[in-house]
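Structural overview for review
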Amino acid sequence: MALTAADVLIEAIQDWGVEVVFGLPGDGINGITEALRKRRDQIRFIQVRHEEAAALMACGYAKFTGKLGVCLATSGPGGIHLLNGLYDAALDGQPVLAITGMAYHDLIGTHTQQDVALDQLFTDVAKYNQRIMGPSHVENVTHLACRTALAYRGVSHLTFPVDIQEMEAGAYRSKRNIKHHTSDVYARSARLPAEDELANAADVLNAGKKVAILAGRGALRATDQLEQMADRLAAPIVKALLGKAAVPDDSPYTTGCIGLLGTKPSQEALEECDTLLMVGTSFPYIEFLPKPGQAHGVQIELDPMRIGLRYPVEVGLVGDSARTLQALLPLITRKGERGFLETAQSRMKSWDELMDERATRADSPMKPQLLAHELGRRLRSDAIVACDSGTVATWWARHIPARRGQMHTLSGNLATMAAGLPYAIAAQLAYPERQVVAFVGDGGFSMLMAEMATCMKYQLPVKVVIVKNNTLGQIKWEQIVFLGNPEYGCELQPIDFALFARSCGAAGFTIENPADCGRILEQALATPGPVVVQGVVDPFEPPMPAKVTLDQAAKFAKSLLRGEPNSQKIALTVLGERIRELV
């Protein structure tokens, strides 16, 4: 049987190591679906319930494996649904290829059904974006799309008119389009700075008296080098949220995360340092970084465009984090004065004691910190944790420690809700033998909870732990603390997620009594197959910043006085637990 243009597409992505495609069939991609069916023993097609989930799964797959994530959607609405997940990949620098269908090539632009110019729609999100013009065009653009996504850590998009998909490959070829002139060889750059740049960076770091290291997503594979550098420089390692797993949380060198969800020792380390080493991070909340002029700066970054993006550094080192740190280490003199690091370590000990105190209270209703704490204690050393956006990210950041060998992530710069479950599904497909947990809020989970049926369809033993407070908590507390407004539009109609899980064929558990939390979580984690655990928690527990400013305290009080409907319960919670932070 002659190869079709769609066959060429699928064989080309296989050349780039693609083993799984996430998507939903449709009449605009029937030719591609058939090409996948014929190769079902070589490349796995994972049918989702919503195309947004397919794109989020492709992003999660790329995050956890470093490989190319691929999603597939039909013409018109199917392709449109991909956009949120593709922006998640674009903003977090993940290699994803999106493939979409289009109307018949000779009816495009004639108001036919699902006549959406997806190549124009994807212009902003994609680093490479092409409409396939004929069967002999497929090989050329597919190789370039895959190469671009991997080399530039971003989204590529190919949109494929439905009739061209079924045309015979090579039926017509222009005289200049020589057959097989493209290549699937992926050449990595040297990814090492020049020797004089390394020497300049070492001079800055060696001169520093109080050096802090800020590590992000680009440092996830540089754990050993980060700890060695921290030891040489007597520097605390502060972690951006996407860099949570860059060094384990029990490392003596780290003060945990930074930002609204971070720790007080991390914030104080950046407030007091005189030298900042940024490694693989574009941490966006510049108000938490040293003030310009306060600290000398060195930045290690793979993308030269991002050098000096957040802080006016004196030396920029363009290269892979692990290799660059390794090359820099011999030039660094071990500091004899260790006071800055020791102060950070002492502060971190006090912070950990405070977090443990908050996470072990037996209050009723149950505190969300307890749910996170008890889960963190029971995770395996090989666990992969996918967190969602919202207040749940605070409890994950502060109360679920990243241990050596584990992987942790969430939607970073886009901070989209609903990513937790799709990420976890992708992780379980990539690593079938590892423990995979989605730690999500009820608001985010309910957006794409139909993907529990995907877990059942493919018998993926993902464990979903839901922090159920029946409110859009992050939005509520932003309205109260940052704007001084009473909460509005945030309350959620309750859903029995354990019952829903059972209706899908999964196991469902409910935790309401704090005394039962550890026991039920242990039972749930040991249950074969997909599992949902809903932890019913106190909706009035605020995810307060590590250091509350006077402005935040004033707006908080203003909100309570302006008619916040739950003012008494909120005030009692905050005054009872955080009076020291508000003084």
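Attention here is on the structure that accompanies the text. Because the structure is a prediction, the values reported are computed rather than measured.

**Let's talk about the overall build of the protein**
On a plain count of helices and strands, the protein comes out with 23 helices and 18 strands. A globule of 583 residues ought to have a C-alpha radius of gyration of about 25 Å, and the protein, at 25 Å, matches this closely. Across its three principal directions, the C-alpha atoms of the protein cover 75 × 60 × 45 Å. Expressed as a percentage of the 583 residues in the protein, the buried residues total 58%. Within the protein, counting contacts between residues at least 6 apart in sequence, those at least 24 apart form 75% of the total. Counting only carbon and sulfur atoms, one obtains 52% of the accessible surface of the protein, whose full area is about 23,600 Å². Positive and negative charge centroids in the protein, built from 58 and 64 side chains respectively, lie 2 Å apart.

**Here's the deal with helix H12 (residues 321-328)**
Inspection of H12 places Ser-321, Ala-322, Thr-324, Leu-325 and Leu-328 among the buried residues, and these make up the whole buried set. Take H12 and look down its axis: the buried residues cluster within an arc of 165 degrees, on one side only. The backbone nitrogen of Ala-322 lies 3.2 Å from a side-chain oxygen of the residue at the head of H12, namely Asp-320.

**Description of the nonpolar core**
The biggest cluster of nonpolar side chains holds 59 residues, and the ones touching the most others in it are Phe-22, Cys-71, Leu-86, Phe-445, Met-452 and Val-464. Here this core takes 10 residues from helix H3 (residues 51-65), the largest share from any one element. Apart from residues lying up to four places away in sequence, Phe-22 is in contact with Phe-45, Ile-46, Ala-54, Met-57, Ala-58, Tyr-61, Val-70, Cys-71, Leu-72, Ala-426 and Leu-429. In terms of nonpolar packing, the next biggest core, distinct from the first, is built from 35 residues, Leu-242, Ala-383, Phe-439 and Val-533 among them.

The rules behind each value
Residues numbered from 1 in each chain as written. Predicted model: local features only at pLDDT ≥ 70, side-chain atom pairs only at ≥ 80, totals over all residues. Heavy atoms only, no water. Helix = DSSP H or I, 4+ residues; strand = E, 2+ residues; numbered from the N terminus. Rg over C-alpha atoms; globule rule 2.2 N^0.38 Å. Buried < 20%, exposed > 50% of the residue type's maximum accessible area, 1.4 Å probe, protein only. Contact = heavy atoms within 4.5 Å. Areas by Shrake-Rupley, 256 points an atom, 1.4 Å probe, with all protein chains shown as cover. Lys, Arg positive; Asp, Glu negative; His and termini not counted. Charge placed at Lys NZ, Arg CZ, Asp CG, Glu CD. Arc of directions from axis to C-beta. Polar contact = N/O pair within 3.5 Å; in protein donor to acceptor, adjacent residues only side chain to side chain. Core = buried A, V, L, I, M, F, W, Y, C linked by side-chain atoms within 4.5 Å.

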